[in-house]
Amino acid sequence: MALAVLFRQMPGNFLILRPDNPHFTIIEASEGYNLITHTHRDDIIGRSLFEVFPDQHDSPSDHETIDLRTSLLAVLSTKQCQEMPVHRYDLPTPATGELQEKYWSINNKPVITNGEVAYIIHVTEDVTENRMLQISESYFRAIADETPFMVWRCVGGMCDYVNKAWCDFTGLTFNESLGLGFNKAFHPDDVEREWKLYEHAMQNMAVYESKYRVLHKDGNYRWVITSAAPHTTRGNTLEYIGSLVDINDQELAKQRVEESENQLRQLADSIIQMVWVTNARGMHEYYNKRWYEFTGEDFEHTQGEGWNQMFHPDDRDRAWQRWQHSLNTGELYEIEYRLRKYTGEYVWVLGRAAPYYDNDGNIIKWFGTCTDINEQKELQQHKDDFISVASHELKTPLTSLSASLQILNRQIKASGNADPIMFKMGEAAQNQARKLTKLVSDLLNVTKIEQGQMILSKSTFNLFELVAACCNHFRVDGYAINVNGKHNICICADELKIEQVVANFIGNAVKYASQSKFIDVSIQEVDNVIKVAVQDYGKGIDPNKVPHLFDRYYRVDYNGKQYSGLGLGLYISKQIIIKHDGQIGVDSEVGQGANFWFTLPLNVNQ
Ligand code: ADP
């Protein structure tokens, strides 16, 4: 009895069976055995092994499994120990009674007495966990070998698996790739970096993600990306399962784009202007080197509001509104403003920007430049100052000169017997004085406009009458000036200034279109807007010059000495019409004459 107790408590999981085929009666069981099979000693002692554990025909059979009975019979016939391959036999879980998949490793050992098998020791090991691992490993391999991208697994730093796609790609065999063998496929320049990254990931149990070059079996390196996640499923060993995807084509395309972007950046850095790029919402994405040199700012400080701080306080609102207008409408951005230099001084720049569209016609970027125009601006200012002073100083003596000439001529005429040469010279002097007065008066007008001092003195008058009267002054030297349109249009405007515009149009037609002596003037009213147009039949204007005609001091032919003028008439006309909330323009083709027009709103500011 004491021996039986000792026996039961011996380490190991075993039964002692009687060799009484077909029963194989259980005569003893170790505690370990009861534990792993969830049995009680009293329930099984004295019963047949096959009664306690009946056949499980419906359980999936393992191809390696040989029948337990066959093994026991072999012990009887050979009197040798029989080792069974791993054997599946499912057991009910004690809590729920539900069958649980179990794998066993079994040894049947004979105990020989007098040359006969007296007992059989049936030793059992529960190998379910190992077996499950084996099964999941074989599933993993089956799946991994079917995936189109490359798969690898490393335990610690050593590779213990690569899939078929890896072998196909690199030309390395499975065995060649194991351990550190896969290193052979790495580009020599990448090996060290990748190991560092991988070790760092291992130390932090982090995902390892990287991009490197792998030698393809065709002898060329190709870019791949890898991503591997850590697992600690096998005990405490750290395992990484990773995938590799060939991104060579995308990578090369990206490199080409980067290269051309680099070239563009270099180009942008080499030009004298400041260059910037924004996204569609106007947020800055890029400035060239010149910008940083000029402003002394870094990228962060020139975003959004920061950028606005770079403007002179007096220019901020105007520039901001103009920029918002372009962002909203897609119109070209062009504006002059003062920008703060790194020294703190403000410098005049010309800011320009154009939208860049994608294939669907959406604006995706704005490309802009700032050109330093400070020097021109200063020169312009000096010129303006000089003109302002000079024209003021000239005005008074010129007025008295004109008055004196007028009196002198009147007296010569009145004397009746004046020398014809004197008479002619007097007329010519008065004519020249008139021209001079016109020039000085234009310069004074410009000065007033520039200083924001053009003030309108409005009254209501008949436009047709004004135009007709104005034409009378030009009906000399055989000019036929036709006035058509509505006779009864009364407008509220600055009569003298509107007359100045009409006179400038007709005067220009006489001056620049002298090839034809016909001039047609029309006055029309459409939708509460009055349009006055002066059509001549001269040689017309080059379309490239048209956009500048209304600029200050612009003349189509600067060298044309046959016409006097400063290039101010149309500029002044434009300012007058804008001040009246109207529009001004010209339609012309070379050889077809020119049609200068302006519009005025009929009821505005009455
Ligand atoms: P100005 O006559 O003093 O030069 P304007 O501002 O009146 O200045 O005109 C600007 C320029 O526009 C002129 O120099 C001339 O070259 C051109 N121009 C104006 N009117 C005509 C026209 N009817 N036909 C051809 N060219 C014209």
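Before reading on, note that the structure itself is shown above.
Residues numbered from 1 in each chain as written. Predicted model: local features only at pLDDT ≥ 70, side-chain atom pairs only at ≥ 80, totals over all residues. Heavy atoms only, no water.

Caption draft 1: Examining the packing of helix 17 (residues 495–512) against helix 18 (residues 569–579) more closely. Contact geometry for helix 17 and helix 18: axes closest at 9 Å, N-to-C directions at 145°. Remark: the crossing between helix 17 and helix 18 carries left-handed chirality. Residues Lys-497, Ile-498, Gln-500, Val-501, Asn-504, Phe-505 and Asn-508 of helix 17 pack against Gly-569, Leu-570, Ile-572, Ser-573, Ile-576 and Ile-577 of helix 18. When grouped by side-chain class, the residues that make up the contact of helix 17 with helix 18 number 7 nonpolar, 5 polar and 1 charged. (Axes fitted to C-alpha atoms, helices over the stretch in contact; angles between N-to-C directions. Helix = DSSP H or I, 4+ residues; strand = E, 2+ residues; numbered from the N terminus. Left-handed = near helix turned anticlockwise from the far one by under 90°. Contact = heavy atoms within 4.5 Å. Nonpolar A, V, L, I, M, F, W, Y, C, P; charged D, E, K, R; others polar.)

Caption draft 2: A look at the packing of aromatic side chains. With the rule as written, the count across this model stands at 24 aromatic pairs. Here the aromatic rings of Phe-182 and Phe-186 are separated by 6.0 Å at their centres, their planes lie at 65°, and the arrangement is edge-to-face. Pair check on accessibility: Phe-182 and Phe-186 agree, each one buried. By way of ring pairs, the aromatic residues Trp-152, Phe-182, Phe-186, Trp-195, Tyr-198, Tyr-208, Tyr-212 and Tyr-240 are connected into one cluster. (Phe/Tyr/Trp six-rings, centres within 6.5 Å; stacked < 30°, edge-to-face > 60°. Buried < 20%, exposed > 50% of the residue type's maximum accessible area, 1.4 Å probe, protein only.)

Caption draft 3: Geometry of the sheet that holds strand 15 (residues 333–340). Overall, antiparallel pairing links the 5 strands, which are arranged 14-13-17-16-15 in an open sheet. In this open sheet, the two edge strands, each paired with only one partner strand, are strand 14 (284–287) and strand 15. The average undirected angle you get between the axes of adjacent strands in this sheet is 25°. Judged from the 9 bridges that link them, strand 16 (residues 346–357) and strand 17 (residues 363–372) form a sheet pairing that is antiparallel. Directly across from Arg-352, in strand 17, lies its bridge partner Thr-369. Helix-sheet contacts for helix 13 (residues 316–329) involve strand 13 (274–279), strand 15, strand 16 and strand 17, and the interaxial angle to strand 15 is about 145°. (Pairing = 2+ DSSP bridges.)

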